[in-house]
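Each chain, letter by letter, is given below.
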Amino acid sequence: PVNLPRSTTASEHCAVRTVITITKTGNYYVDKHPVSFSDIYPILMQKVKDNPQIGVTINCDKAQSWGRGIEVMDEARRAGIENITIATEPKDKKG
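From a predicted model like this one, the values you see are computed outputs, not experimental measurements. (Residues numbered from 1 in each chain as written. Predicted model: local features only at pLDDT ≥ 70, side-chain atom pairs only at ≥ 80, totals over all residues. Heavy atoms only, no water.)

**Topic: the nonpolar core**
- Formed by 18 residues in total, the largest nonpolar core has its most connected members in Ile20, Ile40, Leu44, Val56, Ile58, Val72 and Ile81.
- Filtering out sequence-adjacent residues up to four positions away, Ile81 remains in contact with Leu44, Val48, Ile54, Gly55, Val56 and Ala76. (Core = buried A, V, L, I, M, F, W, Y, C linked by side-chain atoms within 4.5 Å. Buried < 20%, exposed > 50% of the residue type's maximum accessible area, 1.4 Å probe, protein only. Contact = heavy atoms within 4.5 Å.)

**Describing the pairing of strand β5 (residues 55-60)**
- By the criterion of burial, β5 is predominantly enclosed, with six of the six residues buried.
- Side chains Gly55, Thr57 and Asn59 project from β5 onto one buried face, and the interleaved Val56, Ile58 and Cys60 project onto a second face that is buried too.
- Here strand β2 (residues 17-22) runs beside β5; their pairing, made up of six bridges, is parallel. Opposite Ile20, over in β5, you have Ile58 as the bridge partner. (Helix = DSSP H or I, 4+ residues; strand = E, 2+ residues; numbered from the N terminus. Pairing = 2+ DSSP bridges.)

**Thoughts on the sheet that holds β5**
- On the basis of which strands lie adjacent, the open sheet formed by five strands has the order β4-β3-β2-β5-β6 and mixed pairing. Either end of the sheet is taken by a strand with one partner, and the two such strands are β4 (33-35) and β6 (84-86). Strand-to-strand twist in this sheet, taken as the mean axis angle between neighbours without regard to direction, amounts to 25 degrees.
- Two elements, β2 and strand β3 (residues 28-30), share three bridges in a ladder whose sense is antiparallel. Bridge pairing in β3 links Ile22 to Tyr28.
- Contacts from helix α1 (residues 37-50) reach β2, β3, β4 and β5 within the one sheet, and its direction differs from that of β3 by about 15 degrees.
- Those strands touched by helix α2 (residues 66-78) are β2, β3, β5 and β6, and its axis lies near 165 degrees from that of β5. (Axes fitted to C-alpha atoms, helices over the stretch in contact; angles between N-to-C directions.)

By themselves, these observations are geometric and do not establish any function.
Following this line, the structure appears as structure tokens:
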């Protein structure tokens, strides 16, 4: 499991999405399948070919450097994906 950062504006989205996860230990997953960073772009290119409207959600553990999250975002953009979201968890009302 990934420990997501919290956000007061977090919400759920309904659309065809693929999920890229970066774990606390720095491992990458695409739709729960372990991959290396270099696998992400070709996987996303195939997904765009199958569905040009696909979106990506990036789950980056809050203990992980967001530099890695940005690198994943760049790979998604390079693959032609425009709908990219960052997964967060809602903060409790006390903040």
